[in-house]
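Descriptive structure summary
Single-letter residue listing:
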Amino acid sequence: MAQIKPRVKAPKSVAAGEVFTVKTLINHDMETGQRKDKNGDKIPRQIINMFEVTFNGKPVMSAKLEPSISANPYIEFEMSIQEAGDLAMTWRDDDGSVYEASNAIAIG
Amino acid sequence: MGMLAKAAAIGAFAALSLGQAASADEDARLIINGEEEMIVRAAPPAWSPLPELLSGWLFRTVETQRLQMDDFENPGFTSVDSAWETWSLPEGSAGKSCADCHGDAASMKGVRAVMPKVNAENGELWTLEMYINNCRTERMGAESWGWNSGSMVDMTALISLQSRGMPVNVAIDGAAAPFWEAGKELYYTRTGQLELSCANCHEDNYGNMIRADHLSQGQINGFPVYRLKNAKLNSIHARFKGCVRDTRAETYKEGSPEFTALELYVASRGNGLSVEAPSVRN
Amino acid sequence: MNLSRRNILAIGGAAVTVSLIPVDFAMATPEAAAEALNAFTGGAAVTDGGIDLVAPEIAENGNTVPISVSAPGAVAILVLSEGNPSPGVATFTFGEGAAGTAATRIRLAGTQNVLAVAKMADGSFVRAARAVKVTIGGCGG
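Our subject in this report is the structure included herewith. It should be emphasised that the depicted structure is a prediction, and the values quoted were computed from it without experimental measurement. (Residues numbered from 1 in each chain as written. Chains lettered and ligands numbered in written order. Predicted model: local features only at pLDDT ≥ 70, side-chain atom pairs only at ≥ 80, totals over all residues. Heavy atoms only, no water.)

Remarks on helix H7 (residues 177-187) of chain B
All names here are of chain B. For clarity, the threshold we go by: Exposed residues in this analysis have more than 50% of their type's maximum accessible area, buried residues have under 20%, and partly exposed residues fall in between, with area computed by a 1.4 Å probe over protein chains only. Helix numbering and strand numbering both begin at the N terminus, where a helix is a DSSP run of H or I of at least 4 residues and a strand a DSSP run of E of at least 2. The arc in question is formed by the directions pointing from the helix axis toward the C-beta atoms. Only heavy atoms matter for contacts: two residues are in contact if any of them lie within 4.5 Å across the pair.
Looking at H7, one finds that the buried residues are Trp180, Gly183, Leu186 and Tyr187. The buried residues of H7 occupy an angular sector of 120° when projected down its axis, which confines them to one face. For H7, the exposed residues set more than 90 degrees away from the buried face come down to Pro178 and Glu185. Where H7 is buried, its residues meet helix H8 (198-202) and helix H10 (257-268).

Concerning the sheet that holds strand E7 (residues 98-106) of chain C
We count it as follows: If DSSP finds at least two bridges between two strands, the strands pair. Helix axes are fitted to C-alpha atoms over the stretch in contact, other axes to C-alpha atoms as well, and angles between N-to-C directions run from 0 to 180 degrees.
As summarised here, the arrangement of the 6 strands in space is E1(A)-E3(A)-E6(A)-E7(C)-E4(C)-E2(C), forming an open sheet in which the pairing is antiparallel. Each edge of the open sheet carries a strand with a single partner, namely strand E1 (6-9) of chain A together with strand E2 (52-54) of chain C. Taking each pair of neighbouring strands and ignoring which way they run, the sheet shows an average axis angle of 15°. Across 6 bridges, strand E3 (residues 20-26) of chain A lies against strand E6 (residues 74-79) of chain A in antiparallel orientation. Residue Phe20 of chain A lies in a different strand from E6 of chain A, and its bridge partner there is Met79 of chain A.

Quick word on the interface of chain B and chain A
Selection criterion: We define buried area as the total accessible area lost by two parts upon association, computed with a 1.4 Å probe and summed across both. By definition here, a salt bridge exists when the distance from a side-chain nitrogen of Lys or Arg to a carboxyl oxygen of Asp or Glu is within 4 Å. Polar contacts, as used here, are pairs of N or O atoms within 3.5 Å; protein pairs need one atom able to donate a hydrogen and one able to accept it. Residues neighboring in sequence count only if both atoms are side-chain atoms. In this classification, Asp, Glu, Lys and Arg are treated as charged, Ala, Val, Leu, Ile, Met, Phe, Trp, Tyr, Cys and Pro as nonpolar, and every other residue, Gly included, as polar.
Counting from both sides, the interface comprises 13 residues of chain B and, opposite them, 14 residues of chain A. Carbon and sulfur atoms supply 50% of the area buried between chain B and chain A, which totals about 1,100 Å² over both sides. Considering only the side of chain B, the residues that lose the most area to chain A are Phe72, Glu73 and Thr78 of chain B, jointly responsible for 51% of the buried surface there. Between the two partners, chain B and chain A, sit 5 salt bridges. Inspection of the chain B/chain A interface yields 8 residue pairs in polar contact (both at pLDDT 80 or more). Among the elements that make up the side of chain B that touches chain A, the one with the highest residue count is helix H3 (residues 77-87) of chain B (5 residues). By residue class, the composition of the side of chain B that touches chain A is 5 nonpolar, 3 polar and 5 charged.

Some thoughts on the packing of helix H5 (residues 128-140) of chain B against helix H6 (residues 150-161) of chain B
Residues and elements named next belong to chain B. Here is the rule: An angle below 35 degrees is treated as roughly parallel, one above 145 as roughly antiparallel, one from 65 to 115 as roughly perpendicular, and anything else as oblique.
The interhelical angle for the contact between H5 and H6, taken along N-to-C directions, is 110°, at an axis separation of 10 Å. Between H5 and H6, the interaxial angle falls into the category roughly perpendicular. Residues Leu128, Glu129, Ile132 and Asn133 of H5 pack against Met152, Met155, Thr156, Ile159 and Ser160 of H6. Split into classes, the residues belonging to the contact of H5 with H6 amount to 5 nonpolar, 3 polar and 1 charged.

Some remarks on the pattern of salt bridges
Within the structure shown, the criterion is met by 20 salt bridges over all chains. The residue Asp70 of chain B makes a salt bridge to Lys23 of chain A at a minimum N-O spacing of 2.7 Å. Of the two residues, Asp70 of chain B is situated in the loop between helix H2 (62-67) and H3 and Lys23 of chain A in strand E3; the pairing between them involves two chains. The two residues Asp70 of chain B and Lys23 of chain A agree in class, both being buried. Residue Arg45 of chain A pairs with Asp94 of chain A through a salt bridge whose shortest N-O separation is 2.8 Å.

Structure follows, in structure tokens:
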């Protein structure tokens, strides 16, 4: 697998209280643990099992993901903010890796 | 054609009305990121047997279509991101990156629209992959990439993206003419136990269902294409292989003279449609 | 989820047959989904409505089926599959500023029902279900 790197689309500035959409995508095979390789051996499960979003450190949303989530997981959500700040996102891999992204959002 | 094979082939086209995936309305427009409109219907060249050229995008369901309408929803873009990094990564004995010679990847604008083309230096028909590998081995002193390797397919996506929206415009005359004729010959040659040619499905039956799948014109203006089926970007020749294999034939190899000529002919059947890469298909 | 060629042929045959019969075809068990639902609700009553679940009626490919859920005021939404090897798909938990919506793409092993259950701020539970037909078995190269 190529280097795992998230893509995030969030507005640069919004009005206070305005509901906006955040789109996220990360390249990951989301190996289910159900498949077998050419020798008939089970391919171990390896998925992104958790996605967490905070704004200025406070939790906005999280998603516990199961193997039924498609490869290259896409997660979109809506939110609003009252003050400018930092939208931080974390993806947690079964192998312990953590992938992160953050976007500054202004009020304007 | 043997009775059994014939029955199977007819069965494939007859099963059509069952559970057909609803395709989008015929007037659907492909506008990417709310601003870039793709030409998904075009008037055919004079020699074309098709009454109208139709992008494969038109044959997909509304849900699949939508995945291509925003670069942040299109999963092919993780590959483009990866290729952006490779673009400026020095490699090989020359210690050069793509960027060292070509500058910004935007300098590749227009390249994909005219591929494959005859290489003026040696008179051979070259695809985008061949030009990339030539750069790697001759100018960078780096290892060549496998045709379907992630690095290669990602790079073809990045380079093709620079031409997105431009009409496909491959040359079929002059030095290209004999390759085009060879490609055309292959297009109409039935192969495999099912004795199907490209044309049997993609010219005679586009718009019909082949079991659960909505047959398109087999246009390649969207390649490399992110397929839901294998959740990755796929090269043109990999797709050709899949098609030929499904006729139950031994296939040609990626990069073979046969597939390269076929690529030129199939590309020319879409002259006028927009380069859509990286597109999203079933 | 790469199915073997043989599986594709077998499932493809099934999909064609099944599309003649309306819905209610599950590869695994609705019971497992019900159990997972119970674990989420603690056995509390679940009513229909108050939550939107959008999913295609016919999925072009079971590998990537776009879905979205929306339940304004929800603190959590559980998405379940009745026909996958295990019922859990995703659990969305909402905090301050979240609008109670989420969209993602899921794998469906066959034609089946997808369920979404929301826990509302007052502790009540609401649900929605969608039947999704999954057609595998085209040519598709």
